[in-house]
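# An overview of the molecular structure
Listed below, chain by chain, are the residues.
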Amino acid sequence: MLFLVLGSTAIHAAPVNSKTLSSTEALKYLSQYGYIQGSTMDMSAGLIRADAVSSAVKQFQLFAGLTPTGQLDEATVQKMNTPRCGVKDVIPQGNSTRSKRYVLAGTRWRKQHLTYTLMNYPSYMQPSIVQSEIARAFKVWSDHVDLTFSPVPYGYKADIVIMFASGEHGDGNPFDGRGGTLAHAYFPEQGDVHFDNAEFWTVKSNIGTNFFQTAAHEIGHALGLNHSENPAALMAPFYQGYQPYFRLHKDDIAAIQHVYARYTRFQYTQNRGQKNQWYNSNRRGFSIGAVH
C-alpha cells in the first residue's frame, strides 16, 4: 500500500500568480472541509494513503465545479486559496452525473418567528450599519418563506446569537486571520453565526469582504441549509465578490422553500361525519446530506 509522507514540500507544480500549498496545507484543507476522514489519515504519524489523497482532491474538484483530475493543479490550488465559509462541505452520494443542486442540513427550526442578537461589533463599523445589514440578510430568506425575524438586545434570550471573534473563540473552530475562513455558522436549533473579526468587512464596496452577502450565506446555514454545488448560488461555499445587484439564486430559493415554505402552512378541512382537523398541507421529510 502506497503512503505519502506529510512534509513541507509542495505537491503540485507551482502556478503563476497563485499561492502554493505544501502537502501539509493541502491535506489540512481537505480534512477541515470534510474531504478526508480520520480513518484515512494519521496526522500524528505523518502518513496518508496516496489513493485517499487523489480521491479527496477529485471530490473537492467535483464539488467546486473543476475538472476532476485528482491532482493539485493550478485551478484547484487557486480555488483552495479562495476565501470561503468555514462550514464543511457535504459530499452528495449517488449518481455523479446529476445536476448540481442544494444540500440540506437535515435540521430546521420548529417555529415561525425567530429572534437574534448581536453580541459585539467590529471597531470600525457603526453598530447601526451592522444592524441594518444583518436585518437585510435575514430578509433575503424571509422574502421567500413563512418565517419572521426580530432583533433583541444582547443579554436577552435569542434563537440566533451573532458575534465577531478572532482566532480561537470557544467553539473549537478557530479563525485563521484575514482571508481563508471568513465566517461559520451552526445548524438549527443552535444556529449561532460567527464572523472573523480579522476580515475587513465592508458595505456596498468592491474593497474588502462584503458583510451583507456573507451574513446572508451564514444565516442560510443557521436556517438549515448546507453548501450548494451550484457555483452561482448564495450557499456555494466560496466568496463570490461584491454583487451590487444581489438577488437570491433560484437554487437557494428552492432549498429554503423545501425546508419551510409549505411546512408551516396549514389548511382547515371538514370531513363529513368527522371532527374538524388541522393537517399539514405538504409535510416532507429529509435526511442529513440529502440532495433534491
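Small disclaimer: the values here were computed from a predicted structure and weren't measured. (Residues numbered from 1 in each chain as written. Predicted model: local features only at pLDDT ≥ 70, side-chain atom pairs only at ≥ 80, totals over all residues. Heavy atoms only, no water.)

### Brief notes about the pairing of strand β5 (residues 113-118)
Convention followed: Under the scheme applied here, a residue whose accessible area is under 20% of the maximum for its type counts as buried, over 50% as exposed, and between as partly exposed, the area being computed with a 1.4 Å probe on protein chains only. Numbered from the N terminus, helices here are DSSP runs of H or I no shorter than four residues, and strands are runs of E no shorter than two. By the convention used here, strands pair only if DSSP detects at least 2 bridges between them. By the criterion used throughout, a crossover qualifies as right-handed when its path from the first strand across the helix to the second strand runs clockwise, the strands pointing away from the viewer.
By the criterion of burial, β5 is predominantly enclosed, with 5 of the 6 residues buried. Bridge count for β5 against strand β6 (residues 148-151) is 4 bridges, and the pairing is parallel. Bridge pairing links Y116 to P151 in β6. Handedness of the β-α-β unit built from β5, helix α4 (residues 127-142) and β6 comes out right-handed. Two elements, β5 and strand β7 (residues 160-165), share 3 bridges in a ladder whose sense is parallel. Note on β7: the bridge partner recorded for T117 is V161.

### A few points about the layout of surface pockets
Quick reminder of the rule: Here a cavity is any set of points on a 1 Å grid over the protein atoms alone where a 1.4 Å probe fits but cannot get out, and a pocket is any open set with protein on both sides within 12 Å along at least 5 of 7 lines; a residue lines the site when it has an atom within 4 Å of a point. Grid points are joined across faces, edges and corners, and a volume is the space filled by probe spheres set on the points. Side-chain classes are defined by residue name, with Ala, Val, Leu, Ile, Met, Phe, Trp, Tyr, Cys and Pro counting as nonpolar, Asp, Glu, Lys and Arg as charged, and the others, Gly among them, as polar.
Counted as a void, the largest pocket has a volume near 680 Å³. What lines the largest pocket is a set of 24 residues, and nearest its centre among them are K28, Q32, Y33, D176 and T181. Within the residue set of the lining of the largest pocket, elements represented by two or more residues are α1 (23-32) and β8 (181-185). With 4 residues, the single largest contributor to the lining of the largest pocket is α1. In terms of residue class, the lining of the largest pocket is built from 9 nonpolar, 9 polar and 6 charged.

### Brief notes about the packing of α4 against helix α5 (residues 211-222)
Note the cut-off: In this analysis, axes come from line fits to C-alpha atoms, helices being fitted only over the stretch in contact, and the angle between any two N-to-C directions falls in the range 0 to 180 degrees. Any angle that is under 35 degrees is reported as roughly parallel, and any over 145 degrees as roughly antiparallel; angles of 65 to 115 degrees are reported as roughly perpendicular and all others as oblique. Crossings are classed by handedness, with left-handed meaning an anticlockwise turn of the near helix from the far one by less than a right angle and right-handed meaning a clockwise turn. By definition in these notes, contact holds between two residues if any of their heavy atoms fall within 4.5 Å.
Here α4 crosses α5 at 50°, and the two axes come no closer than 8 Å. With respect to their mutual orientation, α4 and α5 come out oblique. The crossing of α4 and α5 is right-handed. Contacts between α4 and α5 involve V130, E133, I134, R136, A137, F138, V140 and W141 from the former and F211, F212, A215, A216, I219 and G220 from the latter. Taken together, the residues that form the contact of α4 with α5 break down as 11 nonpolar, 1 polar and 2 charged.

### Some remarks on the sheet that holds β7
The 6 strands lie next to each other as β4-β8-β9-β7-β5-β6, forming an open sheet whose pairing is mixed. Edge positions in the sheet fall to β4 (84-85) and β6, since each of these pairs with one other strand and no more. Pairing analysis gives 4 bridges linking β7 to strand β9 (residues 193-196), with the strands arranged parallel. Bridged to F164 within β9 is F195. Those strands touched by α4 are β5, β6, β7 and β9, and its axis lies near 155° from that of β5. With respect to the sheet, α5 is in contact with β4, β7, β8 and β9, its orientation differing from that of β8 by roughly 35°.

### Side note on the packing of aromatic side chains
Our working definition: Any two rings among Phe, Tyr and Trp, with Trp reduced to its six-membered ring, count as a pair given centres within 6.5 Å; such a pair is stacked if its planes are under 30 degrees apart, edge-to-face if over 60, and tilted if neither.
As enumerated under the stated definition, the model contains 13 aromatic pairs in all. Taking 5.3 Å as the distance between ring centres and 25° as the angle between the ring planes, the aromatic pair formed by F164 and F195 counts as stacked. With F164 in strand β7 and F195 in strand β9, this pair connects stretches of sequence that are 31 residues apart. Of the two residues, F164 and F195, both sit in the buried class. Taken together, Y29, Y33, Y35, F60 and F238 form an aromatic cluster joined through their ring pairs.

### Quick notes on the packing of α1 against helix α2 (residues 50-63)
Interaxial distance between α1 and α2 falls to 11 Å at its minimum, and their mutual angle equals 60°. Here α2 runs oblique to α1, going by the angle between their axes. Handedness of the α1/α2 crossing: left-handed. Every residue of α2 that contacts α1 at L27, Y29 and L30 is listed here: V53, A56, V57 and F60.

### Notes on the confidence of the model for the protein chain
The condition is simple: Residue-level confidence of the predictor, termed pLDDT, takes values from 0 up to 100.
On average, the protein chain scores 81 in pLDDT, and the residues at 70 or more come to 74%. Throughout residues 1-18 the model reports pLDDT below 50, and contacts reaching past four residues in sequence, or to other chains, amount to 47 contacts.

### Quick look at the side chain of D159
The test is simple: Two N or O atoms count as a polar contact when they lie within 3.5 Å, although within protein this holds only if one can serve as hydrogen donor and the other as acceptor, and sequence-adjacent residues are included solely when both atoms are side-chain atoms.
Within the secondary structure layout, D159 lies in the loop between β6 and β7. Within the structure, D159 has its side chain in polar contact with the backbone nitrogen of T115 (distance 2.8 Å). Here D159 is in contact with W109, K111, H113, L114, T115, Q190 and D192, once residues within four sequence places are set aside.

### Focus on unusual backbone geometry
Phi is mostly negative for residues that are not glycine, and the peptide bonds are mostly trans. A cis amide bond links P188 to the next residue, E189, at an omega of 5°. Along the chain, E189 falls in the loop between β8 and β9. Within the chain, K204 stands out as a residue other than glycine whose phi angle is a positive 50°. Here K204 lies in the loop between β10 (201-202) and β11 (209-210). The exposure class assigned to K204 is exposed, which follows from its relative accessible area of 62%.

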